[in-house]
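# Summary of structural features
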Amino acid sequence: MASQLQRPSGKRVLLMGTCLCDAFYDDVARATVEVLEHLGVTVEFPDNQTCCGQPAFNSGDWVASRKVARHTASVFAGEQPVIVPSGSCAAMNFHGNILQFEENPDAAIDSLARRTWEVMDFIANGLGITKWPGKFAEPTRIAFHRSCHSRGTGSGEATLALLASIENAIITPFGQDEQCCGFGGTFSVTFPHISGRMGSLKLDHLLATKPDILVSGDMSCLMHLNGLAVAQGRPIKHLHAIQILRNSLP
Amino acid sequence: MIGIQPIDQYARDISDEKQASVIDGSSKGTDKRFHVLHHDYPDPDALRKLAAAIKDHTLHHLGEYLEKAEKALIQRGVNVHFAATDEDARQTILSVLRQHGVTQLTKSKSMAAEEIHLNPFLIENGIECLESDLGEFIIQLDGDEPSHIVKPIIHLNRRDIAKTFLREGIANDYNDDPETITRRARVHLREKYMVAQAGITGANFVCADTGRLTLVTNEGNSRFGMAPVPVHIALIGIEKIIPQEKDLAVFLNLLGRSATGQQLTVYTEFINGPRSANQPDGPEHMHVVFMDNGRTDVLASNCKEILRCIRCGACQNVCPVYRQASGHAYRSPYGGPVGAVLSPLLFGSRFPEFADLPKASSLCGACNEVCPVDIPIPDLLLRLRDKAKRESVPSAGAIPMSPFATLATSPSLWRTAMTMSKAMNHLPIQVAPIKPLQDWLGQRTLPDSHGGDFRKWMKERKKDRS
Ligand code: SF4
């Protein structure tokens, strides 16, 4: 991930909306645009974008995933930072792609890797914003699930710091917070029992702290967790961290 | 293909009691292991990277270091053997034992020995072979398999053990107090040590410069096993070599902390060779068997980093999949993340049989985060998935990906699919006749489709602003 060290920042960015936001979570993508614009950033959304290719990559079909990655790299060609409201899709761009092209490095793929930011990481470490001028009307307990694909990146810490700086936000620590929620994309489909058990255990830990909102930087984790929670009769309000930033603005 | 992945089946069928033991045993101590490393070293990652670099360097020059170690060992009066395969290793050990007329021995814990099923083989050949590590001893009594590298009986609770002791006559009454259990095992084992004629051990490290073996335990059982016997045999994977004695400082400090949260394991033995003239006890004969058994193939693969492994078990402890499925689900002595990489590679021709293991991971990266030699396990799992696909190994419940790639590289098709999924409020995958997919959907509710809504909003916003 050395290439991530010289990531470009700036006030003109390309938004990679992710396929999950495209299909289900349009409001997360909207919040990303609104928060960035609030910070004076001009956001462009290349309309030919589809998916980062992770489903094929993780299932081992690298012929298929390289095809998708090349498409994505060409859609996001240029010099501008690429902002993604997902630690997982961001990691696909700057880590997964490098791995699947390790035998035949590709300049466009490298360029995309070097320019990709997870959105909270961008706000904190790209734009230098460490305090968020937001406010909740009343004390609000937030359980923040650090998504696994942000391990080893600045995203987790950045998100936590920004959330904690919101007036009336109470971050509630919970047990075994380093453990995965069990989604893992195609993993959860191919190994439904392991994945379901992992998710239920995660929910036990999360819900034990009685949070008002469950927050993460990856909608995939939240989709999985809430999907299980609803089926188990214990739904929980869940939002992407970027939605919290937007919603808490005065 | 319709069906269920073997490891997922384990997770489905595991008993609540066994699973509770595994989850408890592996999650306990997570904080301790983290803190002991981070308290003593301001930058543990630098140390892990140093350890990785030393291992990589050694593996890169493995031939030279092995030769060096062999020379040093011979100089110390050790007989050195090389075994290319598991069968070679078993036969070498058997012939050494026969040569010394051994009929009874004790064995301390060794993953290399587990890997080649040495114990049952020796017993089949008429040699009484007693496991002296408490956990392995219980496994032997039960006719069970170890399920963790460091804690072989992590899947048992003390009631299970007390029952075994009663059944096997190690105890005359049922008592599940851990201290009593240990005391009873000790009484039983002490007698066996005294009548044994040989001791078999593994080794954690072999220093190429001096040929000295380093062996760590928490029970001191390997010392007992060696003290009263005339013959010591050490079975060692060729990747256990490190260049020099001073490198031990790096590895011993990392091993104890990563394995059990100890600054140093209770017993750290340095074995110089057979007993010298002025030593009161110890074996007169010492044999070292360096075993390849697939390791050079691993070295030639694109997953060679796994050979850095120092068998600390840290990756197993933190792995959420291991916690749910147990070590037995990995069907080899190496369970958890390390096993998911090692088994498919090490047992070369059996790759298809173990091809589900690299897939059984959410790629959460917890293993890499704690690995003392910084093995990028998730990357290796992904490379193995790619290998399985390239070699067309069938995989239960796999979703075909080429239709996805076609869709994801045709923007207008993609956009249409998004709006359509909203119109029908389900994704095409929801009706696919794939069993795991149906199991998956049965367990959770998908959110309502908002396919294409964001794109529409973005377009209108742009229009409004221009
Ligand atoms: S892979 Fe790393 S963490 Fe796992 S047992 Fe080996 S050294 Fe320990």
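For clarity, every value in this text was computed on a predicted model and none was experimentally measured.

## Examining the interface of chain A and chain B
How big an interface is tends to be expressed through the accessible area that disappears when the partners come together. Counting residues at the interface gives 66 residues for chain A, matched by 71 residues for chain B. A buried area of about 6000 Å², summed over both sides, lies between chain A and chain B, and 61% of it is on carbon and sulfur atoms. On the chain A side of the contact with chain B, Phe24(A), His193(A) and Arg197(A) bury the most area, a combined 11% of that side's loss. A salt bridge links Lys389(B) to Asp61(A); its shortest N-O distance comes to 3.9 Å. When contributions to the side of chain A that touches chain B are tallied by element, the ones reaching two or more residues are helix 1 (19–23), helix 2 (26–38), helix 3 (54–58), helix 4 (62–75), helix 5 (87–100), helix 9 (186–190), helix 10 (192–208) and helix 11 (219–231) of chain A. With eight residues, the single largest contributor to the side of chain A that touches chain B is helix 10 of chain A.

## A few points about the pairing of strand 6 (residues 167–171) of chain A
Residues and elements named next belong to chain A. Direction of pairing for strand 5 (residues 135–145) relative to strand 6: parallel, over a ladder of four bridges. The residue bridging Arg-141 from the neighbouring strand is Ile-170, located in strand 6. Viewed along the sheet, the connection from strand 5 through helix 8 (residues 155–164) into strand 6 turns out right-handed.

## Overview of the sheet that holds strand 7 (residues 213–216) of chain A
Residues and elements named next belong to chain A. Read from one edge of the open sheet, four strands run 6-5-7-8, paired in parallel fashion. With one partner strand each, in any of the chains shown, strand 6 and strand 8 (238–240) form the two edges of the open sheet. Strand-to-strand twist of the sheet, defined as the mean angle between neighbouring strand axes without regard to direction, takes the value 35°. Note that strand 5 and strand 7 share four bridges and pair parallel. Its bridge partner lying in strand 7, Ala-143 is registered against Leu-214. Together, strand 5, strand 6 and strand 7 form the strand contacts of helix 8, whose direction differs from that of strand 5 by roughly 160°.

## Regarding the domain arrangement of chain B
Residues and elements named next belong to chain B. Assigned domains of chain B: these are domain 1 (6–10 + 312–396), domain 2 (44–293) and domain 3 (420–465). Here domain 1 and domain 2 have C-alpha centroids that lie 25 Å from each other. With 20 residues of domain 1 in contact, the opposing surface of domain 2 contributes 25 residues. Among the residues domain 1 hides against domain 2, the three largest losses belong to Cys-312, His-328 and Pro-333. Together they make up 31% of the total. Linking domain 1 with domain 2 are two salt bridges, by the criterion used here. Among the ionic pairs, Lys-49 bridges to Asp-374, the shortest N-O distance being 3.5 Å. Taken together, domain 1 and domain 2 are joined by nine residue pairs in polar contact (both at pLDDT 80 or more). Those elements giving two or more residues to the side of domain 1 that touches domain 2 turn out to be helix 15 (314–318), helix 17 (336–346) and helix 20 (366–370).

## Side note on the site of the ligand
If you check the shell around the ligand, you find 13 residues, and the closest are Cys309(B), Cys312(B), Gly313(B), Cys315(B) and Cys371(B). Split by residue class, the shell around the ligand holds 11 nonpolar, one polar and one charged.

## Re the side chain of Glu305(B)
Structurally, Glu305(B) can be placed in the loop between helix 14 (295–300) and helix 15. If sequence neighbours within four positions are ignored, Glu305(B) has contacts with Ile375(B), Pro376(B), Leu380(B) and Arg383(B).

## Some thoughts on the pattern of salt bridges
Considering all chains together, one arrives at 44 salt bridges over all chains under this definition. In this structure, the salt-bridge partner of Asp13(B) is Arg12(B), at a minimum N-O distance of 2.9 Å. On the accessibility criterion, Asp13(B) (49% relative accessible area) is partly exposed. Among the charged side chains, a salt-bridge network with shared partners connects Asp22(A), Asp47(A), Arg415(B), Arg455(B) and Lys459(B).

## Structural notes on the domain arrangement of chain A
Residue and element names in this part refer to chain A. Assigned domains within chain A: domain 1 (2–126) and domain 2 (135–248). With centres defined by C-alpha atoms, the gap from domain 1 to domain 2 works out at 22 Å. Between domain 1 and domain 2 lies a buried interface of about 2000 Å² when both sides are counted; carbon and sulfur atoms form 68% of it. At the junction of domain 1 with domain 2, the criterion picks out two salt bridges. Here Asp-27 ties to Arg-246 by a salt bridge, and the two come within 2.7 Å at their closest N and O atoms. The interface formed by domain 1 and domain 2 includes nine residue pairs in polar contact (both at pLDDT 80 or more). Looking at the side of domain 1 that touches domain 2, the elements with two or more residues in it are helix 2, helix 3, helix 5 and helix 7 (119–126). Looking at side-chain class alone, the side of domain 1 that touches domain 2 contains 14 nonpolar, eight polar and five charged residues.

Cut-off values and rules
Residues numbered from 1 in each chain as written. Chains lettered and ligands numbered in written order. Predicted model: local features only at pLDDT ≥ 70, side-chain atom pairs only at ≥ 80, totals over all residues. Heavy atoms only, no water. Contact = heavy atoms within 4.5 Å. Buried area = accessible area lost by both parts, 1.4 Å probe. Salt bridge = Lys/Arg side-chain N within 4 Å of Asp/Glu carboxyl O. Helix = DSSP H or I, 4+ residues; strand = E, 2+ residues; numbered from the N terminus. Pairing = 2+ DSSP bridges. Right-handed = clockwise from strand over helix to strand, strands pointing away. Axes fitted to C-alpha atoms, helices over the stretch in contact; angles between N-to-C directions. Domains from an automatic or database assignment. Polar contact = N/O pair within 3.5 Å; in protein donor to acceptor, adjacent residues only side chain to side chain. Near = heavy atom within 4 Å. Nonpolar A, V, L, I, M, F, W, Y, C, P; charged D, E, K, R; others polar. Buried < 20%, exposed > 50% of the residue type's maximum accessible area, 1.4 Å probe, protein only.

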